[in-house]
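Secondary and tertiary structure notes
So you can see what is in the structure, the chains are spelled out below.
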Amino acid sequence: ILQSCSLFKHVPYNKSLLIENDITIQSKNDQELLITKSEIHDIIKQKPNKKIMGIFPFHLWVYNISKPHKNNWINNYLREIGEKPVILSSNLIEKSTSQIKSYFDNNGYFTSNVTSNISYKKKYAYVDYNIQSGKLYLINNIKYPQKATPEIYNLIISNLDDSEIQEGDIFTYSSLNDERIRLANLLQNNGYYRISKEALYIKADSTDNKLVNIEFFFKNKTEKNIYNTFH
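Quick summary incoming for the structure in this document.

Quick notes on the rules
- Residues numbered from 1 in each chain as written.
- Predicted model: local features only at pLDDT ≥ 70, side-chain atom pairs only at ≥ 80, totals over all residues.
- Heavy atoms only, no water.
- Helix = DSSP H or I, 4+ residues; strand = E, 2+ residues; numbered from the N terminus.
- Rg over C-alpha atoms; globule rule 2.2 N^0.38 Å.
- Buried < 20%, exposed > 50% of the residue type's maximum accessible area, 1.4 Å probe, protein only.
- Contact = heavy atoms within 4.5 Å.
- Areas by Shrake-Rupley, 256 points an atom, 1.4 Å probe, with all protein chains shown as cover.
- Pairing = 2+ DSSP bridges.
- Axes fitted to C-alpha atoms, helices over the stretch in contact; angles between N-to-C directions.
- Arc of directions from axis to C-beta.
- Parallel < 35°, antiparallel > 145°, perpendicular 65-115°, else oblique.
- Left-handed = near helix turned anticlockwise from the far one by under 90°.
- Nonpolar A, V, L, I, M, F, W, Y, C, P; charged D, E, K, R; others polar.
- Salt bridge = Lys/Arg side-chain N within 4 Å of Asp/Glu carboxyl O.

Digging into the overall build of the protein
Within the protein, the regular secondary structure consists of seven helices and six strands. Start at the N end of the protein and walk to the C end: the helices and strands fall as β-α-α-α-α-β-β-β-α-α-β-β-α. Here the C-alpha radius of gyration of the protein, 26 Å, is well above what a compact globule of 231 residues would show, namely 17 Å. Counting every position in the protein, which comprises 231 residues, the buried fraction comes to 37%. Of all intrachain contacts in the protein linking residues separated by at least 6 positions in sequence, the fraction that spans at least 24 positions is 64%. Of the roughly 14,000 Å² of accessible surface on the protein, a fraction of 48% belongs to carbon and sulfur atoms.

Here it is in structure tokens:
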């Protein structure tokens, strides 16, 4: 069967067929890694053709049975149930590398390093994604708008049990944004109807030992102006 139809039948002369994406992750000082290879595979933009039992690209083989310039029902059917060859794209590899880096950043690994390498064997292409995670950044302390009016400040402090972030948590963009949304909703539900999350700024300062100090404050010049305008 394999000899009856070349896997390269629909692969252009100067192009290569993507065969495998390999992922290697090295964590800092053998620190427990909180991101799995499965998550990284989901991010990668270009994946090889599906394989039965991880060995034989059956759907690609079905597609290759069809004749490229024939549009009768049998050839159309074979192309429909088959799978086009995945032609290696350097552009998609670059995008994948960038998005993997962004994913690590968003999960607290701000010093991660992601590189990719392509190796070829005849018309087969293999991509290696090499990731050095770096060390996690953790939340050191959190300050809420201390210059706010007593009503606003006390409202925020009395509802910290519902906070999306705590001291010692992994510092991530998503968790900070979730807390920003929670604060905006809290204020809106208590009479500050026009305050959105855009009215809140977040200042984050990191220390040499990968700890981050977080401060929330209002966008306007003074919290008193917000209180008088929106209450």
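Continuing now.
Section: the sheet that holds strand E1 (residues 17-26)
Strand order in the open sheet formed by three strands is E1-E3-E2, with mixed pairing between adjacent strands. Each edge of the open sheet is held by one strand with a lone partner, namely E1 and strand E2 (113-121). Each strand of the sheet is rotated relative to its neighbour by a mean of 15°, with strand direction disregarded. Across the sheet, helix H4 (residues 90-106) lies against E1, E2 and strand E3 (124-132), angled at about 150° from E2, the strand it touches most.

Overview of helix H5 (residues 150-157)
All of the buried residues in H5 are Ile152, Leu155 and Ile156. For H5, the buried positions fall inside an angular range of 95° around the axis, keeping them on one side.

Looking at the side chain of serine 16
Looking at the secondary structure, you find serine 16 in the segment before E1. Owing to a relative accessible area of 13%, serine 16 belongs among the buried residues under this scheme. Apart from the residues lying within four places of it in its own chain, the contact partners of serine 16 are Val11, Val86, Ile87, Leu88, Tyr120, Lys123 and Ala125.

Description of the packing of H5 against helix H6 (residues 173-188)
Where H5 meets H6, the axes come as close as 11 Å, and the angle between the chain directions of the two elements is 125°. On the basis of their axis angle, the class for H5 and H6 is oblique. The crossing of H5 and H6 is right-handed. Across the interface between the two elements, Ile152, Leu155 and Ile156 of H5 pack against Leu183, Leu186 and Leu187 of H6. For the contact of H5 with H6, the residue count by class is six nonpolar, no polar and no charged.

Description of the sheet that holds strand E6 (residues 211-218)
Sheet strands line up and pair through hydrogen bonds in the backbone, either parallel or antiparallel. Spatial strand order, E4-E6-E5: three strands in an open sheet with mixed pairing. Two strands lie at the open edges of the sheet, namely strand E4 (138-143) and strand E5 (200-206), each paired on one side alone. Here the average twist between neighbouring strands, direction ignored, is 25°. Pairing between E5 and E6: seven bridges, direction antiparallel. Bridged to serine 206 within E6 is valine 212.

Focus: the packing of helix H2 (residues 58-65) against helix H3 (residues 73-81)
At a minimum axis distance of 7 Å, the contact between H2 and H3 shows a crossing angle of 160°. Relative to H3, H2 is oriented roughly antiparallel. Crossing geometry of H2 relative to H3 is assigned as left-handed. Two secondary-structure elements touch here, H2 through His59, Val62, Tyr63 and Ile65 and H3 through Leu78, Arg79 and Ile81. Its residues assigned to classes, the contact of H2 with H3 comprises five nonpolar, one polar and one charged.

Brief notes about the pattern of salt bridges
Tallying each qualifying case throughout the model produces five salt bridges. Arginine 182 serves as the salt-bridge partner of glutamate 179, at 2.8 Å between the closest nitrogen and oxygen. Here glutamate 179 and its partner arginine 182 are both found in helix H6, three residues apart, which amounts to about one turn of the helix. Take glutamate 179 and arginine 182: they sit in the same class, and that class is buried. Glutamate 198 is the partner of lysine 197 in a salt bridge, and the nearest nitrogen-oxygen pair spans 3.3 Å.

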